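Structure assessment
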Protein chains: 2
Amino acid sequence: MTCLCFACVVVLQIHTCLTYNPGPEFLKSSIRVKADLDGLGALGDTGWYCIRAILWAVDYELPKSVLAFPGAILNQEGVIISCGSSMHWEDGRSATFHCSFLSHLTFDVTLLGTKGCLRLHDFPLPFEENLGYATFSEASELDYANIEPGRWCPKPNEHVVETQFSQEVCMVMEFADLVQKVKRCEMKPQKTWPLLSRKTQLVLDAVKDSIHKGYQPVQIVS
Amino acid sequence: MTCLCFACVVVLQIHTCLTYNPGPEFLKSSIRVKADLDGLGALGDTGWYCIRAILWAVDYELPKSVLAFPGAILNQEGVIISCGSSMHWEDGRSATFHCSFLSHLTFDVTLLGTKGCLRLHDFPLPFEENLGYATFSEASELDYANIEPGRWCPKPNEHVVETQFSQEVCMVMEFADLVQKVKRCEMKPQKTWPLLSRKTQLVLDAVKDSIHKGYQPVQIVS
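Keep in mind it's a predicted model, so treat the numbers as computed, not measured. Per chain, residues are indexed from 1 in the order of the written sequence. Each chain gets a letter, beginning with A, and each ligand a number, beginning with 1, in the order they are written. Whole-chain, interface and lining totals are the exception, using all residues; otherwise, since this is a predicted model, local features are given only for residues with pLDDT of at least 70 and side-chain atom pairs are given and counted only at 80 or more.

A separate point is the overall build of chain A. Counting from the N terminus, the helices are the DSSP runs of H or I reaching at least four residues and the strands are the DSSP runs of E reaching at least two. Helix and strand content of chain A: four helices and ten strands. Overall, chain A shows an N-to-C arrangement of helices and strands of β-α-α-β-β-β-β-β-β-β-β-α-α-β. C-alpha atoms of chain A, sized along the principal axes, occupy 60 × 50 × 35 Å. Any residue surrounded by 20 or more other C-beta atoms within 10 Å of its C-beta is treated as buried, while 12 or fewer makes it exposed and the intermediate range makes it partly exposed; C-beta atoms here are placed from the backbone. Counting all 222 residues of chain A, 37% fall into the buried class. Contact between residues is assigned whenever the C-beta positions, reconstructed from backbone atoms, fall within 7 Å. Excluding contacts between residues fewer than 6 apart, the proportion of contacts in chain A whose partners are at least 24 apart in sequence is 66%.

Moving on: the environment of A:Lys115. Residues and elements named next belong to chain A. Summarising the element assignment, Lys115 is placed in the loop between strand S6 (106–113) and strand S7 (116–120). Residue class for Lys115 comes out partly exposed when judged on the 16 C-beta atoms lying within 10 Å of it. Sequence separation of Lys115 and Asp45 is 70 residues, and the distance between their C-alpha atoms is 33 Å.

Glancing now at the pairing of strand S1 (residues 11–19) of chain B. All names here are of chain B. With nine of nine residues buried, S1 lies mostly within the body of the structure. Sheet topology note: the S1/strand S6 (residues 106–113) ladder contains eight bridges and is antiparallel. Bridge pairing in S6 links Val11 to Gly113. In this scheme, strands are said to pair when DSSP sees at least two bridges between them. By the bridge criterion, seven bridges tie S1 to strand S5 (residues 94–100) in an arrangement that is parallel. The residue bridging Gln13 from the neighbouring strand is Ser94, located in S5.

In this section: the confidence of the model for chain A. Of the residues in chain A, 95% reach a pLDDT of 70 or more, and the chain-wide mean stands at 91. The complex model carries a pTM of 0.93, and its ipTM stands at 0.91. Each residue carries a pLDDT value, the predictor's own confidence for that position, ranging from 0 to 100.

Here the focus is the environment of A:Gln164. All names here are of chain A. Position of Gln164 relative to the elements: it lies in the loop between strand S9 (157–162) and helix H3 (167–183). Residue Gln164 is classed as exposed on the basis of its 7 C-beta neighbours within 10 Å. Between the C-alpha atom of Gln164 and that of Gly132, which follows or precedes it by 32 residues, the distance is 6.2 Å.

In structure tokens, the structure reads:
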């Protein structure tokens, strides 16, 4: 249980958004919009990253329930083209996300905490993959008693994170390392990654369920 | 009715967020948390701006319905301290907002359209009020067929808007001008501003109603 008192620094609310607008040909013929192929549509393709980013922000603690937003857009086969949902934890934390094949490319995460706010606008793929760094924005520790005139809301700070390898290289290195360790009998198959995937899938399925139940709350049972 | 075909450039989804964390003394004694004073709490103080920004983005067309997010936080007097809601238009457009007295200062608007995305992180009060300009970020017209390697998501463009006067000065000038015109019998009292305020209040009341009805959808009747 997260303490929400003023002395603690905690994440209270998260919003993520992953959309792209690949055009009419994609919406007609891509495997991502076919019920018998990638039947989870925009929720599976883009909502997955939104949910995973939200779970990352709460140390992968599953929400107690989800409630999909009314008005999800489905194609003629019943595949989700655009939808969103709220997610709720027992201690009052909450999250919302929006995923879609209809809006311009947007990759946003906003984390609101008691003492600060973090924003990323390129969370699954950095703006400049080849430059060896990525950035995020942070605002924190505002002293309401000492706000300068005309600067009620100070500009957030930009932070640069240098990266030696791209995320895809890191993923292959991690995978190869885990396989090698199992092959050399140094460890049993590692369970962290499948566990995180399963948690993401659990939430995703609950959102789909909420849509299909006419936007009713769906409890998450792990 | 907005056309959602691929040829048209329309706003499809809007997210706004206005939060600040004024601390325990405020939550104990401010008029903004007293049921018999500013009884709308965080919804009235910060949600108002979120709703108004959303209405601005859709040319003040009222949504058909709202659905508050489960888990709104109320104080012992029943005043809203933190809440959020989705808003829905008949043609498929939607919006979400989050307002709170518990999270660090955040002033965000994100507009997702078919062909572009706009972001502001200081929508009610500019970061630098005294500098005579404000900025917003825009990304648009991505050509999926010609994405450069490593630049799947190009960095958004920053735009600078120069301002001769602060928004408060503009408001007083507008008000004084309207009063003068009525005094000189040049026009009857102007109805635009009260109409926009009334629309904002209608949505706000519907969100409060949705919370009090246990997070049920509430239709907007103008």
